[in-house]
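Descriptive structure summary
The primary structure of each chain is shown beneath.
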Amino acid sequence: MSNFSMNSGNMKTEYTKTLADYVANLTYEDIPEEVRERAKMIALQTIGVSLGSKGTHTEQTAQKLGLALNGGESSAEGNTATCWITGRKLSTANAALVNGTMADILDWEDCSWTGHPSASIIPVSWAVAEAKKKSGKDLITAIVAAYEAYQRIAMAVQPPEGWDAFKGWGLTSWQLFGGIVSAAKLMGLTSEQINQAYGVGAQCSPIPSVVAHATMSDLYHIEHGIRSHDGVMAAQMVEFGIDNNLNCFDDQYAYTFHLTSAPKPEWFTKDLGKRWLTMETLMKHWPANMWLQTPLELCYDLVTKHSLKPEDIEEIILDPATVGRMMFRPDGYESMMLAQFSIPYAIAAMICNPSPSREWYAAENLTNPKVLELAGKVHGSDAKPNELLDSFAIFRAGSFPEKTLIIKTKDGKEYRETMQYQLGHPRNMMSREQFVERFRIQAAPAIQGEKMEQAIDAICNIERYDDISPLSALLF
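Here's a quick rundown of the structure. Everything numeric in this text was worked out from a predicted model, so none of it was measured. (Residues numbered from 1 in each chain as written. Predicted model: local features only at pLDDT ≥ 70, side-chain atom pairs only at ≥ 80, totals over all residues. Heavy atoms only, no water.)

Let us now look at empty space enclosed by the protein. Where empty space is left can be seen by rolling a probe of water-molecule size over the atoms. Summed over the entire model, instances satisfying the criterion amount to three cavities of 30 Å³ or more. Considering only enclosed or pocket space, the largest cavity measures out at about 50 Å³ in volume. Considering the residues around the largest cavity, the lining is formed by Met 290, Trp 291, Thr 294, Pro 295, Thr 322, Asn 386, Ser 391, Phe 400, Pro 401 and Lys 403. Considering only residue class, the lining of the largest cavity consists of five nonpolar, four polar and one charged. Roughly 40 Å³ of volume is contained in the second largest cavity. Ala 39, Lys 40, Ala 43, Trp 126, Leu 139, Ile 140, Ile 143, Ile 459 and Ile 462 together form the lining of the second largest cavity. Elements that contribute at least two residues to the lining of the second largest cavity include exactly helix H2 (33–51) and helix H6 (136–156). Tallied by class, the residues present in the lining of the second largest cavity amount to eight nonpolar, no polar and one charged. (1 Å grid on protein atoms, 1.4 Å probe; cavity = no way out; pocket = protein on both sides within 12 Å on 5 of 7 lines; lining within 4 Å. Points joined across faces, edges and corners; volume = space filled by probe spheres on them. Nonpolar A, V, L, I, M, F, W, Y, C, P; charged D, E, K, R; others polar. Helix = DSSP H or I, 4+ residues; strand = E, 2+ residues; numbered from the N terminus.)

Okay, structure coming up:
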């Protein structure tokens, strides 16, 4: 018999209250130093990759959308948060929409077992902290609170084994809660109000859909912005006042069974305050889907170590391949997202341009004959390929699928390397210096020189600031 009931008076669990109490009561001092440091590096990376999206079609679409939703150019009192790249001031929710979209455009932010928490948590945290003139310590605390809540909510509603992928994976269905928690924490909502905000998220969570993935549409990136906007709006709604709407995670009909036939409600509070899930997300070293990270790292190591050029290469073999990530389009890639999910394309783009950037996905590069010719030489071995669901299970267990990459050259030589934990995996995390080095590459399209160094110093030492709002001027 389930512990859940539509009759709130008969509920036998307190998952929602416990998770709300945790968020409301978490203090900066409660957070271990290594977790605070990771939160800052997550912010640095997410802001860097957002700035790196400058000039892409999707970034420009997001800027126009945020402006339109805001009612156009205006100096209204409600315009309290900054759009990165342009410096335009919009409402908190609309700025979160713009920045949340940019955070995912290059597919270069973090990746947890369940999605991209940073793509909402960092833009929303920054926008609300700016609007409310909160301190750097407040910002860090909100980021960590949101990570800890988001990952547990997401895990409670993951699909069961044997799940039909055509039913859709609800990534942005739980993405919403990353924004809700970070906004609620920075707004100073009480535990009961945070409980209500969870209920708003449950009521407004989108149904899982395969449309973006089935069509490989860059709408997928904008979805992260929409969820960021809605996260702010949900917290604001509660701040302004609603009645009831409590304990959504304790009623099967309120949230869990809408997303999965096999809910795991124990995850809502699993190891809460003991196990810091903020530390268990993968920080991408390359602008591509998470399952491309190991092949790209292997390829970069090999071509760098042996000074290989595109014209030297006869064949590239990935052993084993990854299901759904080996698509090759000899006539070119129709969208940025399609290329970001293609191991052959990303490997070819990296060999032709070893410095990662938005240029990998420029329209002209998606049909570049040189890139496509090289991509056509990349294929999987005869070994059974890794299934995505199995790969996620391996990641959740603290490991990662092992890969071998073999490069055969036209002069008859063969180079190979094997890797399990690429740089950025929780077991092989980047150092602060490596995060900073990546930020300089990521943010270069939008900021340079002294402003770049000031932004790095500010984010790496954000706890020193009593009011982070002036720092937004460094991000455009």
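Next comes the rest of the write-up.
Turning to the packing of helix H1 (residues 15–25) against helix H8 (residues 191–204), a few remarks are in order. Interhelical geometry of H1 versus H8 gives an angle of 120 degrees and a closest axis separation of 8 Å. Judged by the inter-axis angle, H1 sits oblique to H8. In this structure, H1 crosses over H8, and the sense of that crossing is right-handed. In contact with Thr 16, Lys 17, Leu 19, Ala 20, Asp 21, Val 23 and Ala 24 of H1, H8 contributes Ser 191, Ile 194, Asn 195 and Tyr 198. Residues belonging to the contact of H1 with H8 are distributed by class as follows: six nonpolar, three polar and two charged. (Axes fitted to C-alpha atoms, helices over the stretch in contact; angles between N-to-C directions. Parallel < 35°, antiparallel > 145°, perpendicular 65-115°, else oblique. Left-handed = near helix turned anticlockwise from the far one by under 90°. Contact = heavy atoms within 4.5 Å.)

Under the counting rule described, the total for this entry stands at 17 salt bridges. Note that Glu 130 is salt-bridged to Lys 89, the shortest N-O span being 2.7 Å. Residue Glu 130 is located in helix H5 (residues 118–132), and its partner Lys 89 is located in strand E2 (residues 89–90); the two are separated by 41 residues in the primary sequence. Classification of Glu 130 as buried rests on a relative accessible area of 2%. What makes Lys 89 partly exposed here is its relative accessible area of 39%. Taking the shortest distance from any N to any O, the salt bridge between Asp 230 and Arg 227 comes out at 3.8 Å. One end of the pair, Asp 230, and the other, Arg 227, are both in helix H10 (residues 219–240), three residues apart, so they sit about a helical turn from each other. (Salt bridge = Lys/Arg side-chain N within 4 Å of Asp/Glu carboxyl O. Buried < 20%, exposed > 50% of the residue type's maximum accessible area, 1.4 Å probe, protein only.)

Function-wise, these values are silent; they only describe arrangement.
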